Structure formats: C-alpha cells, structure tokens
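Summary of structural features
This is what each chain is made of:
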Amino acid sequence: MITIENLCKRYNRVDAVRDLNLDVRAGTVFGFVGENGAGKTTTLSILATLMLPTSGRAYIGGHEVTTDPAQVRRLIGYMPDSFGVYEDLTVREYLAFYGTAYGVAAPVIERRTRELLDVTNLGDRADEDVGHLSRGMQQRLGVARCLMHDPPVLILDEPASGLDPRSRVEMRELVKNLRERGKTILISSHILPELAEMCDEIGVIQRGALVACAAVEVVTARASGQRQLAFDVLRGGRVLGRVLQEHASVTELLTVEDERVDVLFSGDEAQQAELLRDLIVAGYPVVAAREIGGSLEELFLRLTENDQAPPVGERGAAEREKAGTA
Amino acid sequence: MRDLRQRGGQARHILRNPLLRKELRQRMRSGRTVLGLSLYLLVIGAIAFVFMYVNVQGQTLLLQPTRTAELFTFLSYLQLALISFVTPGIAAGVISGERERQTLSVLLTTPLSPLSVILAKWLASISFLSLLIIMTLPLYSIVFLFGGVVPSQVFAVFVLQFVELGALASVSVFWSTWLRRTLWSTVLSYATTAALFLGFAVVGYLADTVAARNPDQVIWSYLAGVSYALNPMYMQASLESSSGFLAPNFYNPAFASIFQTVQAHSLSALPAWLLFFTVYAAGSALLLVASAVRLRPGSLAIVGRRLIRWMSR
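Residues numbered from 1 in each chain as written. Chains lettered and ligands numbered in written order. Predicted model: local features only at pLDDT ≥ 70, side-chain atom pairs only at ≥ 80, totals over all residues. Heavy atoms only, no water.

1. Observations regarding the environment of Phe 200 of chain B
Residue and element names in this part refer to chain B. Following the sequence through the fold, Phe 200 ends up in helix H10 (residues 182–213). Look at Phe 200 and you get partly exposed, because its relative accessible area is 23%. Ignoring sequence-local partners within four residues, the contact set of Phe 200 consists of Ala 195, Ser 227, Leu 230 and Asn 231. (Helix = DSSP H or I, 4+ residues; strand = E, 2+ residues; numbered from the N terminus. Buried < 20%, exposed > 50% of the residue type's maximum accessible area, 1.4 Å probe, protein only. Contact = heavy atoms within 4.5 Å.)

See below:
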C-alpha cells in the first residue's frame, strides 16, 4: 500500500533522508522509530505531499506522491507531529469543515461525525469549542479528522507525543481499533514499547537511513540475544542469586536483594520455563518470574550508537521483491 | 446565455468553497466584528451629523450643495484611509498565521487546490471591509438629499475603493504566503501600501519638477502622469473633481494641490482610468497566482505538466 524507493531529501548540505526503501503492506501498522532529527517527519511529509523529495519515488496505493498528489491526498489521512486547531470552531464544525474539504456529502458527514466522535470518545464534546478540549482530546480529534473521508491509509507522526499516560493509552487503543478496521497505518514514535504493542512491523531510521526493518517479534528477538529477567521471591534472594549465577543461560547477575533477583538471560522461552520449574522443584519460594521490557529500546540504542550499525533484517521493497514476500 | 450560466456556476463554486465558508463563519460571528462595524458606523454617522449641524448654523439654505460635496469627499477619503490602514492588518496574516498556528500543513493535505485556498483567504480577508463599505452606503445617501454629488460619482468612488481593497489584500496575501512570519509579512504589506500612496506621489512630483525644467522632453510629463494615475488617492480625487466643482474652492490646501494635479494631468480621462484598473486588477491576479504557486511545493510543475498535456491534445 505504501512503497518508498531510494528516497532522498537534501537540505542545503545535509541529507535528511538517504536512499530510503520501505514497503508497507495493506492492513498493517508500521512503526517508524528514530531519534529526533533522524528523518521520520521528513519522510512522512513527503508521503503526505507536503514536501518534494530530492530524488527517489514514493507511492501510496499505486499513486506517485509527486506526480499524482491529488489522488494521494484522497487516499491518506495525515496527522503531523504538532498541529494546531481552529479553536473557535466547535468539534462538530471542525469535522464538518474537513469533511466538506474532502468533498464528502452532507448526510455522510453527519453520520460519520457521529461515528467518529463515538470511536474517539468525544461524543459528549461535540458542541464544545475545539479550543476548550485538552491536548489528548485534540489529538483524538486529529485522528477523527483524518478519518472523515474514510481513507485507507493513515500517516500519524508522533500521535502520542506530549500526552499524559492516560491519553497515551487512549491513543494506543484508538490505533488498535483502527487496525481492526483494516486501515494501513504508518506511525512514527520514539516511545518504543508503545509501538511494539501497536505495530506489526517496525523500521528504525538513523540519520536519514533505514538501519532496521522487520516484524516486531523478529526485531525484539534479534535485539535481545539476552533478556533481563526479574525473579520475585518471598525470602532468600541472595541464595537464589548464587544458584542462578551457576546456570548456563544466565550471563550476568544484575540485582540481588532479599526479595528480588535480576539477571541477564540468554536462553529462549523454553529454557526460561525449565529454569523456573527447576527453581520451584528445588524449593525456592519464587513468587513470579517476569521479563523486564525495553528490549526494543536496547535495540534502538544499539543500532543508533554508531552510524555503521549493520541492518537488522532489512526488508526494503527491492529485497522483498527478490524474496517474493511482498 | 451559456456563458452567463457558466459564470454563475463558477461563482457558486467559489461560494461553496468550504474554506471560504469556514473563514466567513469564524470572522462574522465574532464579537469583534459586530463591535468594529457598530463603532465605524457610529463614528462616520457622528462625523456626518456634526458636519451638517455646523454648516446649517446661521444659513438661510438648509445645506449648500458645495458643502455636501465636501462632506462626501471627506468621508470617502476617510474610507480610503481606513481601507489602506486596516486591509494589510487583516490580510497580512492569513497564510503565515495558519503556518504559525500549525494548521496549514493539515489544510494542504486536503484536496483543496492552492488557488482555491488563496482565493478563499483573499475573499475572506476583504469580506469584513467590504461589509463595512456597503454598510456606509445609507450614510452616503444623506448627501443626495442636499445635492452636489451625483449617484454615478458615488458609485465610481465605491468601485475604486473595492479595487483598491482587493489589490491591497492581494499584496498582503502574497507577502503572507512568501514569508514565514506574520510580523514581516505585515511590515512589508504596509511598506507596499505606503509605496503605492507615497511612492507614486513622490515619483510623480519629481517627474513633474524635471518636466517643468525640460519642457521639450515629454517623457517626464508622461512619467508623472503614469505615476499619478497609479496612485489611488489621486485617482479618487479625479472622480470627485470630474464635474469641476471641488478643486478651486476646496478648503484644505493639500487636497487642493491633489485636485490641481489631477486636472493638470487629465487623470479623469479614460486612458488614466484604464491604466489604473488594468494595473491593479492584473497585479492582484498575478499576486494571487504567485501566492498559490508558493503555497504548495511542485504546484508549478503540476500546472506545467497539465499545460503540456492540454496543448498536446
């Protein structure tokens, strides 16, 4: 649904995007991860027809963004990383304006406004001025605005940035809901655990180049040759620590306390289950054994700590075509 | 007939522009608009009333026609000054303001064409002042009660003011599109307005001075005529002095000088008017197209491609 081929964007002497290749299949949620200034917003702006690339091509639904921008605009709903609203319009007027701008018929606008206000939990705010909404509500209204013309593709640039935890959860649920409705979503963020929950695939961009691109599970697994495991025990954490240190799959003891032991574990899930069973059989009072999150963050740090990082599971359009998996 | 129907269709299309409707809704329902309109009418009404009251005192006649003509001239110049001062203030932020409020990028991802966005912004920015001008019409009609001014003169002055309003709004929209900050856009819009009024007057005066010293070089006199003809202040004076009753007895020496210049350069003649309207109308259209090209990247390339496709048919 979204294809990017050798995309480059150069500002003066700086390469904002370098030879970027990407292929997002219809109905999937693709997470675009990168530091500030990595080139995420530039790439999304090019896809949203707001910017021309220096070279390369980008297609949405088969339409090239520079030669057929009008058609592309009808196919996408775009939410920039920071956007303003017409504060003196009511929520209903705001959505109606964008619906009309997209040429949606008046009765459809009315029906769709009701539906979208329902989906975004803004039904009781329909007649309030947009300026009176909280930041989280305005973000959700932004998503509703993107959906007024029912586009098959959504491009969301950092939709959760600047939101409080509750609003972030609501935004995450909203994206999941849209995925269930079959929308193709390209979403950028630097909050990696959240992306892992929402996305089917993730691409990591660093200094304008894609350094990793694969399914979330693959990225997570590759990112983490070793995982951080935390064992909660009723007592005797120090003894447990010594026992765990002897285990073949435990590479390092991270924390040893009376009631908790953290280790770096290099085994797979089966080995983890086996270790847990052995500990319980041996009579250690283990209450819980859990994986500490952040593996994606580890991956991100590892990939971005030097520019020469090798691509992990890179799966650009050309490569996909070769593999016949596109 | 078909042409008329087509034009009617185009007008409806422009009025159906969702951005224009939104802008009009936002502008016209605000308290500031109502307050601005009321205050302006109150001030203009008070001026007209005081003027008439002072002139009626000790007169055997109710009001002399020459005095009503002066009232008309005064009010119309007041209105021209208002247009010149207020238009850049309203229009200079229409696009840069959207950019600063971060609403422009979203607007540009809608299927609205750049030209329709620019036209909607332009029409919306002139709507308030247009309403203001139209609302003063009943006040102007007072002068008809006492004679001294003919309806065609009033009509011509209003047409000139609408052309001027459209041109100043185009200039402001142009700067607002090309510059990122509303502050700079406003500064340059006022600078351009000042250049239209003062710049052309100064160039005209200098050319007149040189022409007086070199009577054999007609080019200077011609340049002076063109400069004055492009100055809205002089062209308005040319309308009001066209029947010749105002210039000699006008009480303000500065105005009298304008009217004398108008007569000296025959600015009431048709060529001067054609020049004024052509330059201002074409200039406005060009500025609006240039703004549309600037608004969205690649617009020019797309227009070029369409043109080539159309020509190759």
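2. Quick notes on the pattern of salt bridges
Per the stated rule, a full pass over the model turns up 19 salt bridges over all chains. Of the charged contacts in the structure, one is a salt bridge between Arg 10 of chain A and Asp 15 of chain A, with a shortest N-O distance of 2.8 Å. Residue Arg 10 of chain A is classed as partly exposed on the basis of its relative accessible area of 41%. Residue Arg 29 of chain B is joined to Glu 93 of chain A by a salt bridge in which the shortest nitrogen-to-oxygen separation is 2.9 Å. In this pair, Arg 29 of chain B sits in the loop between helix H2 (18–28) and helix H3 (31–56) while Glu 93 of chain A sits in helix H3 (residues 91–101), so the two residues belong to two different chains. Taken together, the shared-partner salt bridges in this structure form one network comprising Lys 22, Glu 23, Glu 98 and Lys 121 of chain B. (Salt bridge = Lys/Arg side-chain N within 4 Å of Asp/Glu carboxyl O.)

3. A closer look at the nonpolar core
Leu 47, Ile 60, Tyr 94 and Ile 187 of chain A are the most contacted members of the largest nonpolar core, which has 137 residues in total. Among the elements that make up this core, the one with the highest residue count is helix H7 (residues 114–135) of chain B (10 residues). Apart from residues no more than four positions distant in its own chain, Leu 47 of chain A is found in contact with Ile 2, Ile 4, Ala 58, Ile 60, Val 65, Val 72, Ile 76, Ile 155 and Leu 186 of chain A. Counting residues in hydrophobic clusters, the runner-up holds 12 residues, among them Leu 229, Val 261, Leu 275 and Val 286 of chain A. (Core = buried A, V, L, I, M, F, W, Y, C linked by side-chain atoms within 4.5 Å.)

4. Comments concerning the interface of chain A and chain B
Contacts between chain A and chain B engage 25 residues on the former and 23 residues on the latter. Buried area between chain A and chain B, summed over both chains or domains, comes out near 2,300 Å², and the portion from carbon and sulfur atoms is 62%. On the surface where chain A and chain B come into contact, there are 1 salt bridge. Scanning the region where chain A abuts chain B turns up 9 residue pairs in polar contact (both at pLDDT 80 or more). For the side of chain A that touches chain B, the secondary structure elements donating two or more residues are helix H2 (69–75) and H3 of chain A. Looking at which element gives the most residues to the side of chain A that touches chain B, the answer is H3 of chain A, with 5 residues. Its residues assigned to classes, the side of chain A that touches chain B comprises 15 nonpolar, 5 polar and 5 charged. (Buried area = accessible area lost by both parts, 1.4 Å probe. Polar contact = N/O pair within 3.5 Å; in protein donor to acceptor, adjacent residues only side chain to side chain. Nonpolar A, V, L, I, M, F, W, Y, C, P; charged D, E, K, R; others polar.)

5. Overview of the pairing of strand E12 (residues 250–256) of chain A
Residue and element names in this part refer to chain A. Sheet topology note: the E12/strand E13 (residues 260–265) ladder contains 5 bridges and is antiparallel. Along E13, the bridge assignment pairs Glu 252 with Leu 264. From the end of E12 to the start of E13, which pair antiparallel, there are 3 residues. (Pairing = 2+ DSSP bridges.)

6. Focus on the sheet that holds strand E11 (residues 227–233) of chain A
To summarise the sheet geometry, strands pair through backbone hydrogen bonds and adopt either a parallel or an antiparallel arrangement. All names here are of chain A. One open sheet holds the 4 strands; their spatial order is E12-E13-E11-E14, and the pairing between them is antiparallel. Looking at which strands have only one partner, the edges of the open sheet turn out to be E12 and strand E14 (286–291). Across the sheet, the mean angle from the axis of one strand to that of its neighbour is 20°, orientation sign disregarded. Here E11 runs beside E13; their pairing, made up of 6 bridges, is antiparallel. Residue Asp 232 lies in a different strand from E13, and its bridge partner there is Arg 260. Most of the contacts of helix H10 (residues 269–281) go to E11, to which it runs at about 20°, and overall it touches E11, E13 and E14. (Axes fitted to C-alpha atoms, helices over the stretch in contact; angles between N-to-C directions.)

7. Description of the confidence of the model for chain B
Residue and element names in this part refer to chain B. Per-residue confidence for chain B averages 81 on the pLDDT scale, and 81% of its residues sit at or above 70. The least confident element of chain B is helix H1 (residues 2–15), whose mean pLDDT is 56; the most confident is helix H5 (residues 96–100), at 92. Segment residues 243–252: pLDDT under 50, and 22 contacts once partners within four positions in sequence are set aside and those in other chains are kept. Predicted complex, confidence summary: ipTM 0.77, pTM 0.76. (pLDDT = per-residue confidence, 0-100.)

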